Amino acid sequence: MLKHIIACSCLISCISHAFAQKKYTLSSPDKTIVINLSITDSITYAVSLDGKELMTTAPITFHTTADKNAQWKVSKAQITAKDEILKPVVQQKSAELHDHYNQLHIDFSNGLSLEWRAYNNGIAWHWIANHKTAYTVLNEQALFGMDADGRAWYPQEESFFSHNERQYKNYRIDSIDEKKLASLPALFDVKGAKLLITEADLFNYAGLWLRGKGNGQVQGVFPHYPKEKKITSDRDERVNSREDFIARISGPQAFPWRIVMIARTDKDMLTNQLPYQLGRPATGDYSWVKPGKVQWDWWHYNNVYGVNFRAGINNDTYKYYIDFAAKYGIEYVLLDEGWCDTRDLLKQSPGINVEELVAYARARKVDILLWTSWLVLDKQLDTILPLFQQWGIKGIKVDFMQRDDQDMVNYYEKVSKAAAAHHLLVDFHGAYKPTGWLRTYPNVMTSEGVLGNEISKFAGSIDPEHTTTIPFTRMAAGPMDFTPGGMLNAQKNAWAAVPGEPLTLGTRCNQLAMYVIYESPLQMLCDMPTHYYREPEAMEFLQAVPAVWTNTVPLQAKVGDYVAIARQAANGDWFVGAMTDWTPRELELDCSFLPEGQYRMQVWKDGPNADRNAKDFSQETITVTNTTKLTMPLTKGGGYVARLTRL
């Protein structure tokens, strides 16, 4: 319920003199974060936290071809406050979240407006163009000034053509120069606080990237509008040249929010939901949207065995997946690349009959999702989505976009809307980071844009240092389709690239913990049923763990070292997950997050030999209350999970 949206007359009176000087101050509701804005012939801002400078003075600007003049003459300024409880359609972290902020809105005589928001856990600003005619956006300047001695977790890129699947490089901030391009989100450690830069409400515009300046500042850069494009394969469209502007706009528009999420402790970043809060609210009915777990095929190339049929891309194999999903209450089976001609979604592969599979799955209370490259979907969108709905398909995995210029950003929205019209869920792969999709289009359940488990097929880069970093970086932007669940687990000295039967780095319990720690309302089981059937103890956990949560409580965390989280399921059960990097450690589990009462606690933890054989784990069942304190022992690359059920 909306508590209030009011003009704060007390704040206005406090800054009335500052208005004449074109200086404005906006504080967070708890007054710990302060934005100081200065407007002369340019606009600059600085941010303080707890009375100390956090972000140094840096300029911002915005120019279009329709601006009446280039001057920043203020015609009106107003501060308002909002205090509201949001109830997400899809409960990524929680059933409710508190949307509480102060906002400064400034109108300029040139036809542009600027809005700032101050939250208790971050700041954001965006531009609004009030022009009624068509125009182009020529330039947007967004600089972020930070302590040059700070550190960064920086997802460095080679170019704007990218899957945005990067390892986070740990740089000193002053070493990030103009040669270092990064996609978002990017994390910075500044004066003891963590700052995560990302964006929200990205529609009809180009995505924000970062490039260093070498002096403690990083600046926003944008892929300009494509001028010449060339299709080079069944899935790739390359941009050969670009225009001298960022975007073409046809009338009034609010542009994306530039967000700095602020966390005093590392674990605070795990509950920060500013990208969702700054996303555009959904319109229409999304009550049909159903989160769930997904049996996935591509990770192991359908290489199932111990069966009485020839495994591969055929109905017999997918019926085997469906039977497995039905046994363990897994909501979906995904047919990834191979089920159809990659240039014609109407041409199914030999041995595949999707309608037959849908009927077989429906009889077993399982639903089907289908993969498609973005190019063929774009060509056949108007015909194939109604057909998918007619077949009974429940969602699509759209792959290989690899860009976020305005042209491609508009494609994402087109697909999201069209899929919603046919009650289809969406999983974007080969994708840029989420920007509040889950709020605007709740059928867009998850996306990639993360260096995920699929790379374990080919390289050893998905290691415990990486997997304990991404909860604080990529996941902070929104749900991520990391695809956990590998059952062939290995320590460093035992790992090898085996694409048809992949191994994962770290222990079995490390993989299980990802189902509690990693957020994805469509959560994959990447391994093959052949392996899962051999692991009934692991499947007892994977059957019970949900894909969405009504409550999230961070327990302990340090970026790149360890993370422990407690989450509550819709049925009232609690789950605990913990992961460590290559350093063995013991973490305390304080059960004070539990409501009153006794709980049966089932534990899966690293076994005594997991440091040598990463598949080793042990189980125990104990009774606990909210006064219980335990130790979670984690071996190198280790993990720990627990399910707590009220007695």
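Residues numbered from 1 in each chain as written. Predicted model: local features only at pLDDT ≥ 70, side-chain atom pairs only at ≥ 80, totals over all residues. Heavy atoms only, no water.

(A) Spatial organisation of the sheet that holds strand 42 (residues 639-646). The sheet built from 6 strands is open, its strands ordered 35-36-37-42-39-40 with antiparallel pairing. For this open sheet the edge positions go to strand 35 (551-558) and strand 40 (617-624), each flanked by a neighbour on one side alone. Neighbour to neighbour, the strand axes of the sheet diverge by 15 degrees on average, direction disregarded. One ladder, built from 7 bridges, connects strand 39 (residues 599-606) with strand 42; its direction is antiparallel. Of the residues in strand 42, the one forming a bridge with K605 is Y640. Relative to strand 37 (residues 574-580), helix 10 (residues 508-517) is tilted by about 130 degrees, and along the sheet it contacts strand 36 (562-568), strand 37, strand 39, strand 40 and strand 42. (Pairing = 2+ DSSP bridges. Helix = DSSP H or I, 4+ residues; strand = E, 2+ residues; numbered from the N terminus. Axes fitted to C-alpha atoms, helices over the stretch in contact; angles between N-to-C directions. Contact = heavy atoms within 4.5 Å.)

(B) Representation of the pairing of strand 8 (residues 112-119) in the model. For strand 8, the buried fraction is high: 8 of the 8 residues fall into the buried class. Burial along strand 8 is two-sided: L112, L114, W116 and A118 and S113, E115, R117 and Y119, pointing in opposite directions, are all buried. Bridge count for strand 7 (residues 97-108) against strand 8 is 6 bridges, and the pairing is antiparallel. Among the inter-strand pairings, I106 is bridged to a residue of strand 8, identified as L114. Connecting strand 7 to the next strand, strand 8, in antiparallel fashion are 3 residues, including G111 with a positive phi near 95 degrees. As paired strands, strand 8 and strand 9 (residues 122-129) are joined by 8 bridges and run antiparallel to one another. The residue of strand 9 that forms the bridge with R117 is A124. (Buried < 20%, exposed > 50% of the residue type's maximum accessible area, 1.4 Å probe, protein only.)

(C) Examining the side chain of N315 more closely. Within the fold, N315 resides in helix 3 (residues 315-328). In this structure N315 comes out as buried when scored by relative accessible area, which is 7%. Those residues in contact with N315 that sit more than four places away from it in its chain are G351, I352, N353, E356 and L357.

(D) Region of the structure containing the nonpolar core. Counting 192 residues, the largest nonpolar core has Y45, W116, F144 and F188 as its most contacted members. Sort the elements by how many residues they give to this core and helix 5 (residues 374-391) lands first, with 10 residues. Beyond its immediate stretch of four places on either side in the chain, F144 contacts Y45, M55, A58, W125, I197, L210, G216, Q217, V218 and V260. If you look at the next biggest cluster of nonpolar residues, it comprises 21 residues, including W574, A578, L589 and L644. (Core = buried A, V, L, I, M, F, W, Y, C linked by side-chain atoms within 4.5 Å.)

(E) Quick peek at the environment of G51. In this structure, G51 sits in the loop between strand 4 (43-49) and strand 5 (52-64). Given the relative accessible area of 73%, G51 is considered exposed. It is 43 Å that separates the C-alpha atoms of G51 and C509, two residues lying 458 residues apart in sequence.

(F) Geometry of the environment of L630. By the element assignment, L630 lies in strand 41 (residues 629-634). Given the relative accessible area of 21%, L630 is considered partly exposed. Through-space distance from the C-alpha of L630 to that of C591 is 8.0 Å; in sequence the pair is 39 residues apart. Beyond its immediate chain neighbours, meaning those up to four positions away, L630 contacts L587, E588, L589, M601, I622 and V624.

(G) View of the packing of aromatic side chains. Under the defined criterion, the tally for this structure stands at 40 aromatic pairs. Measuring from centroid to centroid gives 5.1 Å for Y45 and W116, while their planes differ by 50 degrees, and the two rings are tilted. Here the residue Y45 occupies a position in strand 4, and W116 occupies one in strand 8, the gap between them amounting to 71 residues. The class for Y45 is buried, based on a relative accessible area of 1%. (Phe/Tyr/Trp six-rings, centres within 6.5 Å; stacked < 30°, edge-to-face > 60°.)

(H) Highlighting the sheet that holds strand 31 (residues 444-447). The sheet built from 7 strands is open, its strands ordered 31-30-29-28-25-24-34 with parallel pairing. Looking at which strands have only one partner, the edges of the open sheet turn out to be strand 31 and strand 34 (522-525). Neighbour-to-neighbour, the strand axes of the sheet open up by a mean angle of 25 degrees, direction not taken into account. In this structure, strand 28 (residues 367-373) lies alongside strand 29 (residues 395-399), joined through 5 bridges in parallel fashion. In the sheet register, L369 faces strand 29, and the bridge partner there is G395.

(I) Seen up close, the pairing of strand 35. Sheet topology note: the strand 35/strand 36 ladder contains 7 bridges and is antiparallel. Each residue of the ladder has a partner; that of V553, found in strand 36, is A566. As consecutive antiparallel partners, strand 35 and strand 36 are separated by 3 residues, and within that stretch G560 has a phi angle of approximately 80 degrees, a positive value.

(J) Region of the structure containing helix 4 (residues 354-362). Regarding helix 4, the residues found buried are V354, L357, V358, Y360 and A361. Each buried residue of helix 4 lies within a common arc of 165 degrees when the element is viewed along its axis, so the set occupies one face. Where helix 4 begins, the capping side chain belongs to N353, and its oxygen is found 3.3 Å from the backbone nitrogen of E355. (Arc of directions from axis to C-beta. Polar contact = N/O pair within 3.5 Å; in protein donor to acceptor, adjacent residues only side chain to side chain.)

(K) Seen up close, the packing of helix 5 against helix 6 (residues 406-421). The interhelical angle for the contact between helix 5 and helix 6, taken along N-to-C directions, is 30 degrees, at an axis separation of 11 Å. Viewed along their axes, helix 5 and helix 6 adopt a mutual orientation that is roughly parallel. When the axes of helix 5 and helix 6 are compared, the crossing they make is left-handed. Together, W374, L377, D378, L381 and L385 of helix 5 and M408, Y411, K414, V415, A418 and A419 of helix 6 make up the contact between the two elements. Residue composition of the contact of helix 5 with helix 6, by class: 9 nonpolar, no polar and 2 charged. (Parallel < 35°, antiparallel > 145°, perpendicular 65-115°, else oblique. Left-handed = near helix turned anticlockwise from the far one by under 90°. Nonpolar A, V, L, I, M, F, W, Y, C, P; charged D, E, K, R; others polar.)

(L) Expanded view of the pattern of salt bridges. According to the stated counting rule, one finds 36 salt bridges in the structure shown. Residue D405 pairs with R242 through a salt bridge whose shortest N-O separation is 3.1 Å. In this pair, D405 sits in the loop between strand 29 and helix 6 while R242 sits in strand 20 (residues 237-242), placing the two residues 163 residues apart along the sequence. We classify R242 as partly exposed; its relative accessible area is 28%. Residue K319 pairs with E356 through a salt bridge whose shortest N-O separation is 2.7 Å. Here K319 is found in helix 3, whereas its partner E356 is found in helix 4, with 37 residues between them in sequence. Note on E356: relative accessible area 36%, which makes it partly exposed. One network of salt bridges, in which partners are shared, links K229, E237, R242, R403, D405 and D407. (Salt bridge = Lys/Arg side-chain N within 4 Å of Asp/Glu carboxyl O.)

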